[in-house]
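Below, each chain spelled out in residue letters.
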Amino acid sequence: MGNQHLVFERYLWFDAEIRKNRYPNATSLAEEFEISNRQARRNIDFMRYSLEAPLVYDPARRGYAYESEFSLPELPLGQRETLAVLLAGNLLEASDSGYISRAIQRFGRRLFQEHSEIGISERRIRKCFSAIWHGHAPCRGAVFRHVSRALLTSRLLSITYHSPLNDRVSRRYIEPHHLQHYMGSWVLLAWCRLRHDWRRFYLSRMSHATPLEEVFTRRSPSAWRPLLYRGFGIFQAAEVFPVRILFSPHIARWVREQIWHPDQEMEERPDGSLVLTVPVADLREIKMKILQFGAEARVLEPSELRTLIRQEARRLARQYDREEPYW
């Protein structure tokens, strides 16, 4: 059982026992974590000399206390970074067939070997943290590996891509510029030589991806960075416009907690309702988002989006008035 505990947990436990006036010692520490008395004494020495804990031994109570104020330090910088590395691997595990997750975890384990006195195990990370992505589309590990290599080395990328819009498979030659993890899926922003324009490619829709020998000249960030964050959702454009949505007092309680976009604005109404304004470049995704709230949300502007929502609501009503599917 001792191997399952973090070393740092021993210091936390020892510190808590002292604050409860229980006067812990090497024997009680060894019994609690099922380690040897020799290891327990080394842990106490580490607290005293490395963590500079003002430990004093009370012979009458056969245990330790603090002779002055003391607080355990946070994890050292290197270990906080390593925690972030392992946690990232855990959260990304399902999005690329585990390829990047395994690579991150291997790196994290190597870092922990260099800081063995205070550590966080991969097993502990898996117990304490998890991520759930609803409706995400994982990609093949080989595709992720080849796309990443082309991206980092500025090599032209040949891909076989399936478009759900027309249900066709095409061969594309693209210049990869940025890989984005969006809602549990990997999306590549690239210059498409077929369309002579910027395009987004979901890695999950690539059956093959091959870095070629040709090295391309990367385009200025000013040409593509606005396509990542300017408006709400994955669909971006050079220009954005405001979308205003009125939420009922009931659902507003949850919407207040959410960030749809960094530049969003919230307007409180006296009756408890809420008006959310977000910058949008394309109506497709925001329409689907609003429909999730049903009658609890009402589009105030633009009028084009109001029309789209109204048409979808009527189509939905007809769907349930029929015995057979509407499509």
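Before reading further, recall that the structure is shown in the block above.
The model shown is predicted, which means the values in this text are computed figures rather than measured ones.

Caption draft 1: Main features of the packing of aromatic side chains. All told, the structure shown has twelve aromatic pairs when counted by the stated rule. When the centroid spacing of 5.5 Å and the interplanar angle of 15° are considered together, the rings of Y11 and F46 count as stacked. Within this pair, whereas Y11 is found in helix 1 (residues 7-19), its partner F46 is found in helix 3 (residues 37-49), the two being separated by 35 residues in sequence. For Y11, a relative accessible area of 1% translates into the label buried. Taken together, a centroid distance of 6.0 Å and an interplanar angle of 25° make the contact between W260 and F293 stacked. A residue pair is termed long-range when its members are at least 10 positions apart, and W260 in the loop between helix 10 (249-255) and strand 9 (265-268) and F293 in the loop between helix 11 (283-291) and strand 11 (297-301) qualify at 33 residues. Of the residues examined, W260 reaches a relative accessible area of 9% and is grouped as buried. Of the aromatic side chains, those joined through ring pairs into one cluster are W13, F14, F33, Y57 and Y64.

Caption draft 2: Unusual backbone geometry, seen in detail. In this model, E301 is joined to P302 through a cis peptide bond whose omega is 5°. By the element assignment, P302 lies in the loop between strand 11 and helix 12 (303-321).

Caption draft 3: Spatial organisation of the environment of A252. Tracing the backbone through its elements, the reader meets A252 in helix 10. Of the residues examined, A252 reaches a relative accessible area of 0% and is grouped as buried. As a C-alpha pair, A252 and E296 span 44 residues in sequence and 8.7 Å in three-dimensional space. Apart from the residues within four sequence positions on either side, A252 is in contact with F247, G272, S273 and L274.

Caption draft 4: Geometry of the nonpolar core. Formed by 23 residues in total, the largest nonpolar core has its most connected members in L188, L203 and M206. Secondary structure elements with two or more residues in this core: helix 7 (141-153), strand 3 (155-163), strand 4 (168-182), strand 5 (185-192), strand 6 (197-202) and strand 7 (206-215). W13, A53, L55 and Y64 belong to the second-largest nonpolar core, a separate cluster that totals 22 residues.

Parameters at a glance
Residues numbered from 1 in each chain as written. Predicted model: local features only at pLDDT ≥ 70, side-chain atom pairs only at ≥ 80, totals over all residues. Heavy atoms only, no water. Phe/Tyr/Trp six-rings, centres within 6.5 Å; stacked < 30°, edge-to-face > 60°. Helix = DSSP H or I, 4+ residues; strand = E, 2+ residues; numbered from the N terminus. Buried < 20%, exposed > 50% of the residue type's maximum accessible area, 1.4 Å probe, protein only. Contact = heavy atoms within 4.5 Å. Core = buried A, V, L, I, M, F, W, Y, C linked by side-chain atoms within 4.5 Å.

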